Amino acid sequence: MTPAARIVLDGIDITANLIPAPFGLPLEGGGMIIPTGFGSLTNRAPLMSVSVDDNEGLESDSVDLEIDNRLQIPAPKKGAKLKIWLGYATTGLVYMGTFEVDTWSKRGLPRTLTVSAKAAGFTTEIKAPRSRSYHRKTVGELVEQVAERNGLDAVVHPALRDLPIGHIDQSGESDVNFLTRLAKRIGGNFKIGDSRLIMNKAGAGTLPSGSPAPVFSFTQTGQESWEATGADRGSYKSASASWQDTKKGERQSVVVGEGKPRYRDRKLYKTEEEARQAAKATIDGLTRGKVSFSTSFPGRPEVFAGARALVSNHDPDVDGIYVIKSARHSLDGSGLKTS
């Protein structure tokens, strides 16, 4: 299939500038159809490659553009908004997200311009340190409060939304670090995407809305390569965490799960509620991901992090259902690929 793409910078479709004729052909609805070879080193179009990284949590989604800069194209301003679509001429384009330009670099010779952008909403303000305390809030209320002060929308998984947080301090840390720490405590995944603060349930195989995530099927047919790695992470049956009982003046422990071996969290928490949430998040994490699987194949831009993967006909130790932690979609002179 013939790849296609659409790139919009601050509301202006610049695809035809980056992939002009004869390298590209206009696509109905915007964007360009791109025959194979557009990024070859000789007689190439200005756009050499575009890569989009989609992550389930912790790491920000990002996009990188590599451009032939023999015409000395002006670098975009920091914070400029990039909208990216990738796909095929026959099946149409898939919206990959909105990103804000973070850095650029120019090199020579040959002259090239590389533009890197992060998910929209990942601003300087949200990365700035701040201090405050939160008391008797739910996870949903916390995320909504942080989102509102940063001018963003909040999306919280239903299983986490009403989870009570007795008390938590944000001491000289950014909103990003604060929500990432909160996510680890409650067994969630925090990310910023499309001007939204998203708190999803880790490894649940569901969307942030709570509805089931789609399942993408992977067989060896058409794959370029694959690799699987096993670990003993799933051998733990329970987890314990400790908290300081200020009334009795002694350390207390809580246990989540049954049986041994038992994982011991050595951090001392302030309350029993904190310790229990931490122990639950720990055992949930330890019982997930007994096997990790990676693969690369011809482009499937519809695949996204947080969805599930059905791996079959590979190996009895490998086949099964996985949660997709990250997906990279890259377009260059050899075509559209996903890994």
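Caption draft 1: Layout of the overall build of the chain. Scanning the chain from terminus to terminus reveals five helices and 24 strands. Across its three principal axes, the chain shows a C-alpha extent of roughly 80 × 50 × 35 Å. Every one of the 339 residues in the chain was classed for burial, and the buried ones make up 46%. Across the chain, the fraction of contacts at a sequence separation of at least 24, relative to all contacts at a separation of at least 6, is 61%. Split by element, the accessible area of the chain, about 17100 Å² in all, is 51% carbon and sulfur. One finds the centroid of the 44 positive side-chain charges in the chain at a distance of 4 Å from the centroid of its 39 negative side-chain charges.

Caption draft 2: Structural view of the sheet that holds strand 18 (residues 250-257). On the basis of which strands lie adjacent, the open sheet formed by three strands has the order 18-17-19 and mixed pairing. Unpaired on one side and paired on the other, strand 18 and strand 19 (262-269) mark the two borders of the sheet. Strand-to-strand twist in this sheet, taken as the mean axis angle between neighbours without regard to direction, amounts to 25°. Here helix 5 (residues 272-286) sits on the sheet and contacts strand 17 (238-245), strand 18 and strand 19; the angle it forms with strand 17, its principal contact strand, is near 165°.

Caption draft 3: Layout of the environment of H157. Position of H157 relative to the elements: it lies in the loop between strand 11 (153-156) and helix 3 (158-161). Each residue touching H157, except ones within four places of it in the same chain, is listed here: M199, N200, K201, T206, L207, P208 and G210. There is a polar contact of 2.8 Å between the side chain of H157 and the side chain of T206.

Caption draft 4: Up close: a nonpolar patch on the surface. A contiguous nonpolar patch, built from V215, L310 and I321 and spanning about 250 Å² of accessible area, is present on the exposed surface. Residue position: I321 is located in strand 22 (residues 320-323).

Caption draft 5: Focus on the pattern of salt bridges. Evaluation of the coordinates by the stated rule reveals 16 salt bridges. One salt bridge in this structure joins K78 and D102, with 3.0 Å as the shortest N-O distance. One end of the pair, K78, is in the loop between strand 6 (62-68) and strand 7 (81-88); the other, D102, is in strand 8 (residues 92-107), with 24 residues separating them in the sequence. Judged by relative accessible area, which is 24%, D102 ranks as partly exposed. Measuring nitrogen to oxygen at the nearest pair gives 3.3 Å for the salt bridge that ties R130 to D175. Linking R130 in strand 10 (residues 129-138) with D175 in helix 4 (residues 175-186), this pair joins segments that are 45 residues apart in sequence.

Caption draft 6: Examining the packing of aromatic side chains more closely. Inspection of the entire model under this criterion finds seven aromatic pairs. The interplanar angle of 50° and the centroid separation of 5.3 Å between the aromatic rings of W85 and Y95 together place this pair among those described as tilted. Here W85 is found in strand 7, whereas its partner Y95 is found in strand 8, with 10 residues between them in sequence. Accessibility expressed as a relative area gives 17% for W85, which makes it buried. Within the aromatic cluster, the residues linked to one another by ring pairs are W226, F293 and Y322. R6 extends its terminal NZ or CZ atom over the ring of W85, reaching a point 4.8 Å from the ring centre. Taking the ring centre of F218 as reference, the NZ or CZ of R300 above it sits at 5.0 Å.

Caption draft 7: Expanded view of unusual backbone geometry. With an omega of -10°, the peptide bond between G108 and L109 qualifies as cis. Among the secondary structure elements, L109 is positioned in the loop between strand 8 and strand 9 (112-119). Residues L109 and P110 are joined by a peptide bond in cis, for which omega reads 0°. With respect to the helices and strands, the residue P110 is situated in the loop between strand 8 and strand 9. Despite not being glycine, Q72 has its phi angle at roughly 55°, a positive value.

Cut-offs and rules
Residues numbered from 1 in each chain as written. Predicted model: local features only at pLDDT ≥ 70, side-chain atom pairs only at ≥ 80, totals over all residues. Heavy atoms only, no water. Helix = DSSP H or I, 4+ residues; strand = E, 2+ residues; numbered from the N terminus. Buried < 20%, exposed > 50% of the residue type's maximum accessible area, 1.4 Å probe, protein only. Contact = heavy atoms within 4.5 Å. Areas by Shrake-Rupley, 256 points an atom, 1.4 Å probe, with all protein chains shown as cover. Lys, Arg positive; Asp, Glu negative; His and termini not counted. Charge placed at Lys NZ, Arg CZ, Asp CG, Glu CD. Pairing = 2+ DSSP bridges. Axes fitted to C-alpha atoms, helices over the stretch in contact; angles between N-to-C directions. Polar contact = N/O pair within 3.5 Å; in protein donor to acceptor, adjacent residues only side chain to side chain. Patch = residues over 30% accessible without salt bridge, like charges linked within 9 Å, V, L, I, M, F, W, Y side chains within 5 Å. Salt bridge = Lys/Arg side-chain N within 4 Å of Asp/Glu carboxyl O. Phe/Tyr/Trp six-rings, centres within 6.5 Å; stacked < 30°, edge-to-face > 60°. Lys NZ or Arg CZ within 6 Å of the ring centre and 35° of its normal.

By themselves, these figures tell us nothing about what the structure is for.
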